[in-house]
Amino acid sequence: MSIGIAGFGGYVPERVLTNAELEEMFDTSDEWIVQRTGIRERRIAAEEESTLDLAAHASLQALQHAGIGADDLDEIIVATDTPEVYTPDTAAFLQHRLGARTVPAYDLGGSGCSGFVQALDVARARATVEPKRILVVGVELISRLLSWDDRAVDVLFGDGAGAVVVDPEGSRATLIDVVAGTDGSQTDILTLGVGGTRRPFTLEVAQTGDHQRLVMEGHEVFKSAVRRMSAAVDELLGRIGCTIDDVAWLIPHQANARIIAAVGNRLKIPEERVYVNVDRYGNTGSASVPLALSEAVHGGEVTEGDLVVLVAFGAGFHWSAAALRF
Ligand code: ACO
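Residues numbered from 1 in each chain as written. Predicted model: local features only at pLDDT ≥ 70, side-chain atom pairs only at ≥ 80, totals over all residues. Heavy atoms only, no water.

**Quick look at helix α5 (residues 115-129)**
Then step 1. Taking 1.5 Å per residue, 15 residues should reach 21 Å; α5 reaches 21 Å between its end C-alpha atoms and fits that length.
Then step 2. Here α5 has its buried residues at Gly-115, Phe-116, Val-117, Gln-118, Ala-119, Leu-120, Ala-123, Arg-124 and Ala-127. (Helix = DSSP H or I, 4+ residues; strand = E, 2+ residues; numbered from the N terminus. Expected span 1.5 Å × (residues − 1). Buried < 20%, exposed > 50% of the residue type's maximum accessible area, 1.4 Å probe, protein only.)

This is the structure in structure tokens:
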């Protein structure tokens with residue numbers, strides 16, 4: 001079932017962290033980072049900013065774009081792996097900050113970079129069963145959880161947020177279909193494994209620094225990301241009876257320019273129809289797709305009639321793809 005979308009929003013913190021600055025912090029180089037990832041700079045939240053602040057900025061832009069107030073919302077879903085606090089969820093903080101009514105608000109956490117598109121699918125289902133206006137947010141403040149001494153991981157990420165308002169009467173775009181999947185057989189190759197019941201955060205663990213160490217087998221993640229994202233787009237296009245030639249914009253998860261290029265090659269879509277902003281923001285986790293989407297919409301890149309395909313991949317592994325008609 002398709003559903004309307006009424007507004008888009010995005011936010012990145014002001015502070016720009018360049019590759020040149022990272023060269024001062026550990027043994028890396030602008031050349032290595034650009035060649036392997038395409039990232040030139042990323043945004044880092046200010047000390048006084050938290051996940052909630054980023055989410056609220058993006059939400060307010062989406063609400064304004066939709067022409068509605070927070071009190072018009074019937075539900076709020078926040079996709080994040082870097083929540084405001086461990087419990088309660090970031091959505092509870094956001095409901096209060098926005099001044100929304102006491103509507104259901106909940107997080108979709110732990111899906112890594114795939115979280116936002118999965119949340120969009122949940123919103124689509126919820127708003128189809130019962131007409132509702134649902135704010136869907138993808139937000140990540142990853143910089144604060146990293147150790148900043150692991151060059152293999154720390155150069156990849158940045159902070160940001162993106163949001164959309166799903167609304168059965170929304171006329172800016174129609175969310176046509178979503179596909180999603182999970183393969184939990186490789187949970188150990190992309191994980192932040194401290195803080196749950198398996199390995200609680202204790203003084204002993206703190207001394208190892210593991211609570212700030214994202215375990216990542218780069219090659220395996222790379223291969224799975226390319227394979228799963230391409231397959232998800234193929235499946236999605238098959239379901240909606242379209243081909244890659246019908247796609248005006250492919251907006252992939254912005255993990256790495258080489259992953260994006262490999263997905264584009266597999267799908268045989270010209271690179272000028274693949275949206276890329278990883279050079280400016282790095283990998284912003286579950287914020288990456290909605291942030292790129294909002295930027296493409298507000299920047300006038302997406303125009304009426306365009307078929308836009310979103311595709312994401314993240315820890316889990318989870319993957320998801322969504323088709324929107326503008
Ligand atoms: N600066 C300089 N050298 C580095 C850096 C760095 N920042 N990081 C690693 N190196 C070194 C390594 O130590 C290694 O040195 P060695 O050959 O002496 O051992 C060398 O560079 C090559 O390392 P590789 O891991 O082989 O480099 P690769 O070409 O695979 O690129 C990368 C690494 C960028 C992490 C890549 O594997 C990748 O992008 N994988 C996907 C990971 C990802 O996107 N994760 C994000 C979360 S999941 C998601 O969003 C999809």
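**Quick word on unusual backbone geometry**
Then step 1. The peptide bond linking Thr-87 to Pro-88 adopts the cis configuration, its omega dihedral lying at 5°.
Then step 2. Residue position: Pro-88 is located in the loop between β4 (75-80) and α4 (90-98).
Then step 3. At the junction of Gly-316 and Phe-317, the peptide bond is cis and its omega measures out at -10° in the coordinates.
Then step 4. Inspection of the secondary structure assignment puts Phe-317 in the loop between β12 (307-314) and β13 (318-325).
Then step 5. Unusually for a residue other than glycine, Trp-148 sits at a positive phi of about 60°.
Then step 6. Positive phi, normally seen in glycine, also occurs at Lys-268, with a value near 60°.
Then step 7. Positionally, Lys-268 belongs in the loop between α9 (257-267) and α10 (278-281).
Then step 8. Using a relative accessible area of 66% as the deciding quantity, one classes Lys-268 as exposed.

**Thoughts on the environment of Val-297**
Then step 1. Within the element layout of this structure, Val-297 appears in helix α11 (residues 288-298).
Then step 2. Among the residues examined, Val-297 registers a relative accessible area of 17% and is labelled buried.
Then step 3. Between the C-alpha atoms of Val-297 and Asp-150, which are 147 residues apart in sequence, the distance is 35 Å.
Then step 4. With residues up to four places along the chain from it excluded, the contact list for Val-297 reads Phe-8, His-65, Val-302 and Phe-326. (Contact = heavy atoms within 4.5 Å.)

**Considering a negative patch on the surface**
Then step 1. Where like charges cluster on the molecular surface, the negative patch consists of Glu-23, Glu-24, Asp-30 and Glu-31.
Then step 2. Among the secondary structure elements, those contributing two or more residues to the negative patch are α1 (19-25) and α2 (30-37). (Patch = residues over 30% accessible without salt bridge, like charges linked within 9 Å, V, L, I, M, F, W, Y side chains within 5 Å. Areas by Shrake-Rupley, 256 points an atom, 1.4 Å probe, with all protein chains shown as cover. Salt bridge = Lys/Arg side-chain N within 4 Å of Asp/Glu carboxyl O. Lys, Arg positive; Asp, Glu negative; His and termini not counted. Charge placed at Lys NZ, Arg CZ, Asp CG, Glu CD.)

**Let's talk about the packing of aromatic side chains**
Then step 1. Here the structure, examined in full by the defined rule, presents three aromatic pairs.
Then step 2. Ring geometry for Trp-249 and Tyr-275: centres 5.7 Å apart, planes at 70°, overall edge-to-face. Note that Trp-249 is positioned in strand β11 (residues 249-252) and Tyr-275 in the loop between α9 and α10, a separation of 26 residues in sequence. Each member of the pair, Trp-249 together with Tyr-275, is buried.
Then step 3. Ring geometry for Phe-313 against Phe-317: centres 4.8 Å apart, planes inclined by 40°, an arrangement best described as tilted. (Phe/Tyr/Trp six-rings, centres within 6.5 Å; stacked < 30°, edge-to-face > 60°.)

**Side note on the sheet that holds strand β6 (residues 134-140)**
Then step 1. Strand order across the open sheet formed by nine strands is β5-β4-β6-β7-β1-β8-β13-β12-β11, with mixed pairing between neighbours. Because the sheet does not close on itself, it has two edges, and the strands there are β5 (105-109) and β11. Between one strand and the next, the sheet's axes are offset by a mean angle of 25°, whatever the strand orientation.
Then step 2. Here β6 runs beside strand β7 (residues 160-166); their pairing, made up of seven bridges, is antiparallel. Counterpart to Leu-135 in the pairing with β7 is Val-165.
Then step 3. Each of β4, β5 and β6 is contacted by α4, which is oriented at about 130° to β4, the strand it contacts most. (Pairing = 2+ DSSP bridges. Axes fitted to C-alpha atoms, helices over the stretch in contact; angles between N-to-C directions.)

**Some thoughts on the environment of Val-179**
Then step 1. Mapped onto the elements of the fold, Val-179 is located in strand β8 (residues 173-182).
Then step 2. Judged by its relative accessible area of 3%, Val-179 is buried.
Then step 3. It is 9.8 Å that separates the C-alpha atoms of Val-179 and Leu-237, two residues lying 58 residues apart in sequence.
Then step 4. Apart from the residues within four sequence positions on either side, Val-179 is in contact with Ala-232, Glu-235, Leu-236, Arg-239, Trp-319, Ser-320 and Ala-321.

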